Amino acid sequence: MATLDDLKKRIASVKSTQKITKAMKMVAAAKLRRAQENAEKGRPYSEKMNNIILNLSSGISDKENAPKLLSGTGEDKVHLCIVLTSDRGLCGGFNTNIIKKAKAYFKKISDEGKTLKIITVGSKGYDQLKRVYKDDIVERISFKDSKTINYLDAEKVGKMIIEKFEKEEFDMCTIFYNKFKNVITQIPQEQQIIPLKTSEAEENSSEDNYEFEPDEDEILSNLLPKNISTQIFKAMLENSASEQGSRMSAMDSATRNAGEMVDKLTIEYNRSRQAAITKELIEIISGAESL
């Protein structure tokens, strides 16, 4: 049984932890608003760029000579997966949900006998994948020193992907991230960016009609590399909002749990103290009677 001093130390320790988790919750709540706004602003731009490219692709007459970033290499033997996670922990199941989604895809690729290559963006993704997929990880990237999510960081990843594609190091590229829905819910996403899926072209072609100058091929050759960086930037913005939302939720839960633990320890402390006082009184009364 714990002594009174031990219980007092435990109560003080839990209260100290509660103050930290409460502060972290407030910080996450402050960051969440800005991150959510950025994510919501980034969605229309990335979606519209995708729609324009899909519309352009439907107007290409010579499909065989279409840009490789759009049509692909014609093979699907080597798959490059970009796993976007955070560089910091204490954010609930945020990173675990992304890794779970990615691992399901990895298993599918392995079962089909295809080659898997992985680029981790964020140290937590690398930490969770290195045990099983260390030999498949070709690059590990961290933007821990960046204070805010910016397009230049996304462009660095985009250029790396394009460089590897031009060297014919892979056939298909897919990114994994969390889409922000609300503070409680973040939805793991799997998005193919090379080659660009053209199954949506027919749906979007009826909605938007454009006249292009110069021709489609020349515009696509400029837009496609930018679109890859844009889709990665959108994923990073979504991840940032999801991370803060998940951290806020996790710290709120931790704060409440700490409060419940303090209450339980306080009750235990009071009972132990009362038992000690009762024991002393009994000893005093017994001693007085013996006299």
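Note that the structure is a prediction, hence the values are computed from the model and not measured. (Residues numbered from 1 in each chain as written. Predicted model: local features only at pLDDT ≥ 70, side-chain atom pairs only at ≥ 80, totals over all residues. Heavy atoms only, no water.)

For the protein, the count of helices and strands is seven helices and five strands. Along the chain direction, N to C, the helices and strands of the protein fall in the order α-α-β-α-β-α-β-α-β-β-α-α. Taking the contacts inside the protein whose residues are at least 6 apart along the sequence as the reference set, 77% of them involve residues at least 24 apart. (Helix = DSSP H or I, 4+ residues; strand = E, 2+ residues; numbered from the N terminus. Contact = heavy atoms within 4.5 Å.)

What the rule picks out here adds up to five aromatic pairs. Taken together, Tyr105, Phe106, Tyr133 and Phe176 form an aromatic cluster joined through their ring pairs. Geometry around Tyr126 places Arg140 over its ring, the cationic atom sitting 3.8 Å from the centre. (Phe/Tyr/Trp six-rings, centres within 6.5 Å; stacked < 30°, edge-to-face > 60°. Lys NZ or Arg CZ within 6 Å of the ring centre and 35° of its normal.)

The mixed open sheet is built from five strands, whose spatial order is 3-2-1-4-5. Looking at the sheet topology across the chains shown, the edges are occupied by strand 3 (137-141) and strand 5 (186-194). Along the sheet, successive strands turn relative to each other by an average axial angle of 20°, direction set aside. (Pairing = 2+ DSSP bridges. Axes fitted to C-alpha atoms, helices over the stretch in contact; angles between N-to-C directions.)

The interhelical angle for the contact between helix 3 (residues 94-111) and helix 4 (residues 123-133), taken along N-to-C directions, is 35°, at an axis separation of 10 Å. Crossing hand, helix 3 versus helix 4: right-handed. Across from Asn95, Thr96, Ile99, Lys103 and Phe106 in helix 3, the residues of helix 4 making contact are Lys124, Gly125, Gln128, Leu129 and Tyr133. A per-class count over the contact of helix 3 with helix 4 returns four nonpolar, four polar and two charged. (Left-handed = near helix turned anticlockwise from the far one by under 90°. Nonpolar A, V, L, I, M, F, W, Y, C, P; charged D, E, K, R; others polar.)

Let's shift gears to the pattern of salt bridges. Applying the stated rule across the entire model yields 11 salt bridges. The partner of Glu243 in a salt bridge is Arg247, with the nearest N and O atoms 3.0 Å apart. Here Glu243 pairs with Arg247, and both are found in helix 7 (residues 216-290), just four residues apart, close to one helical turn. Notably, a salt bridge pairs Asp252 with Arg256, separated by 3.3 Å at the nearest N-O pair. Placement of the pair is Asp252 and Arg256 together in helix 7, with a separation of four residues, close to one helical turn. Given a relative accessible area of 24%, Asp252 falls into the partly exposed group. When its relative accessible area of 47% is taken as the criterion, Arg256 is described as partly exposed. Each of Lys25, Asp252 and Arg256 takes part in salt bridges that share partners, so that together they form one network. (Salt bridge = Lys/Arg side-chain N within 4 Å of Asp/Glu carboxyl O. Buried < 20%, exposed > 50% of the residue type's maximum accessible area, 1.4 Å probe, protein only.)

Let us look at a nonpolar patch on the surface. Together, Ile277, Leu281, Ile284 and Ile285 line one region of the surface with nonpolar side chains, adding up to about 380 Å² of accessible area. Among the structural elements, Leu281 can be located in helix 7. (Patch = residues over 30% accessible without salt bridge, like charges linked within 9 Å, V, L, I, M, F, W, Y side chains within 5 Å. Areas by Shrake-Rupley, 256 points an atom, 1.4 Å probe, with all protein chains shown as cover.)

The subject of this paragraph is the pairing of strand 2 (residues 115-121). A large share of strand 2 lies buried, amounting to five of its seven residues. For strand 1 (residues 78-84) and strand 2, the ladder comprises seven bridges, and the chain directions are parallel. Note that in strand 2 the partner of Leu84 across the bridge is Val121. For the crossover that starts at strand 2, traverses helix 4 and ends in the parallel strand 3, the hand is right-handed. (Right-handed = clockwise from strand over helix to strand, strands pointing away.)

Taken over all residues, the pLDDT of the protein has a mean of 88, while the share at 70 or more is 90%. Low pLDDT (under 50) marks residues 200-206, which in the prediction has six contacts with non-local residues, meaning those over four places away or in another chain. (pLDDT = per-residue confidence, 0-100.)

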